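Letter by letter, the chains look like this.
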Amino acid sequence: MQISNYNQNNNTFTGFRFTSASKKRFYKILEGINDPNATSKCLNIIKSQEKNPVDIEVRNLNMIFGQKINDGLEAYISGKLSHDNTGMNSFGFINIREVLDEKFNIVNFLRKAAKKAEKAYNKQVNERISNGESADMLNRHAIESLDEII
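Report follows, based on the coordinates. Fair warning: this is a prediction, and the values are worked out from it, not measured in the lab.

1. Observations regarding the layout of surface pockets
Move 1: Of the volumes computed, that of the largest pocket is approximately 640 Å³.
Move 2: Surrounding the largest pocket, 20 residues form its lining, Lys-51, Pro-53, Tyr-121, Ala-142 and Ser-145 being those nearest its centre.
Move 3: Counting residues per element, the lining of the largest pocket draws most heavily on helix 5 (residues 135–149), which supplies 8 residues.
Move 4: Residues that form the lining of the largest pocket fall into these classes: 7 nonpolar, 7 polar and 6 charged.

2. Observations concerning the packing of aromatic side chains
Move 1: Scanning the model with the defined rule gives 3 aromatic pairs in all.
Move 2: Ring centres of Phe-18 and Phe-26 lie 5.1 Å apart, and the angle between their planes is 40 degrees; on these two criteria the pair is classed as tilted. Residues Phe-18 and Phe-26 agree in their burial class; the two are buried.
Move 3: Taken together, the aromatic side chains of Phe-16, Phe-18, Phe-26 and Tyr-27 make up a single cluster linked through ring pairs.
Move 4: If you follow Arg-59 out to its NZ or CZ, it ends over the ring of Tyr-76, 3.7 Å from the centre.

3. Details of the environment of Ser-22
Move 1: In this structure, Ser-22 sits in helix 1 (residues 20–33).
Move 2: Here Ser-22 is in contact with Val-58, Arg-59, Asn-60 and Leu-73, once residues within four sequence places are set aside.
Move 3: A distance of 2.7 Å separates the side chain of Ser-22 from the backbone oxygen of Val-58, its partner in a polar contact.

4. Observations regarding unusual backbone geometry
Move 1: Here Asn-34, not a glycine, exhibits a phi torsion of approximately 55 degrees, which is positive.
Move 2: With respect to the secondary-structure elements, Asn-34 resides in the loop between helix 1 and helix 2 (36–48).
Move 3: Within the chain, Ser-78 stands out as a residue other than glycine whose phi angle is a positive 50 degrees.
Move 4: As for its placement among the helices and strands, Ser-78 is situated in the loop between strand 3 (67–77) and strand 4 (80–84).

5. Looking at helix 1
Move 1: Between its first and last C-alpha, helix 1 extends 20 Å over 14 residues, near the 20 Å set by a 1.5 Å rise per residue.
Move 2: Of all the residues in helix 1, the buried ones are Ser-22, Lys-23, Arg-25, Phe-26, Ile-29, Leu-30 and Ile-33. Seen from one end, helix 1 has its buried residues packed into an arc of 165 degrees, which puts them on one side. Residues of helix 1 that are exposed and point more than 90 degrees away from the buried face comprise Lys-24, Lys-28, Glu-31 and Gly-32.
Move 3: Taken from the residues just after helix 1, Asn-34 is the one with a positive phi, measuring 55 degrees.

6. Focus on the nonpolar core
Move 1: By size, the foremost hydrophobic cluster in this structure holds 24 residues, and its most contacted members are Phe-16, Phe-26, Ile-106 and Leu-110.
Move 2: When contributions to this core are tallied by element, the ones reaching two or more residues are strand 1 (16–18), helix 1, helix 2, strand 2 (56–64), strand 3 and helix 4 (102–130).
Move 3: Sorting elements by how many residues they give to this core places helix 4 first, with 8 residues.

7. What about the environment of Asp-71?
Move 1: Here Asp-71 lies in strand 3.
Move 2: Along the sequence, Asp-71 and Ile-29 sit 42 residues apart, while their C-alpha atoms lie 7.0 Å from each other.
Move 3: Discounting chain neighbours no more than four positions away, the residues touching Asp-71 are Arg-25, Ile-29, Asn-85 and Glu-102.

What counts, and at which threshold
Residues numbered from 1 in each chain as written. Predicted model: local features only at pLDDT ≥ 70, side-chain atom pairs only at ≥ 80, totals over all residues. Heavy atoms only, no water. 1 Å grid on protein atoms, 1.4 Å probe; cavity = no way out; pocket = protein on both sides within 12 Å on 5 of 7 lines; lining within 4 Å. Points joined across faces, edges and corners; volume = space filled by probe spheres on them. Helix = DSSP H or I, 4+ residues; strand = E, 2+ residues; numbered from the N terminus. Nonpolar A, V, L, I, M, F, W, Y, C, P; charged D, E, K, R; others polar. Phe/Tyr/Trp six-rings, centres within 6.5 Å; stacked < 30°, edge-to-face > 60°. Buried < 20%, exposed > 50% of the residue type's maximum accessible area, 1.4 Å probe, protein only. Lys NZ or Arg CZ within 6 Å of the ring centre and 35° of its normal. Contact = heavy atoms within 4.5 Å. Polar contact = N/O pair within 3.5 Å; in protein donor to acceptor, adjacent residues only side chain to side chain. Expected span 1.5 Å × (residues − 1). Arc of directions from axis to C-beta. Core = buried A, V, L, I, M, F, W, Y, C linked by side-chain atoms within 4.5 Å.

This is the structure:
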């Protein structure tokens, strides 16, 4: 896992950016779960976003419906609130599996953030093409980037 420099207290992963408080909370959740498989899945999801230029900022979620919570996280994709790990969807319905299974919840939280960041990146590429950039040139750059890691 590549951790970028600790500039101005921004201990961040590449792609996923954690505030120092949310990073501590994230580690506390993983230590509480104490499951190497879940931790490995989280690591792989974070690594998958290593080269994605779309920021996924993870912040603490301290209150929900006026109640204080101890292990809440929320994701911001390109600066906009995306979702949280409370187990509720945007319509206010509870996902029973996420509420009862913390392993599934934290992995699903990261997976959902990665998926939304990839959608945002694809939207940016399509906008660049519609603004006149050459799809062939963008593809050539992507192939050259692939060539560096293969």
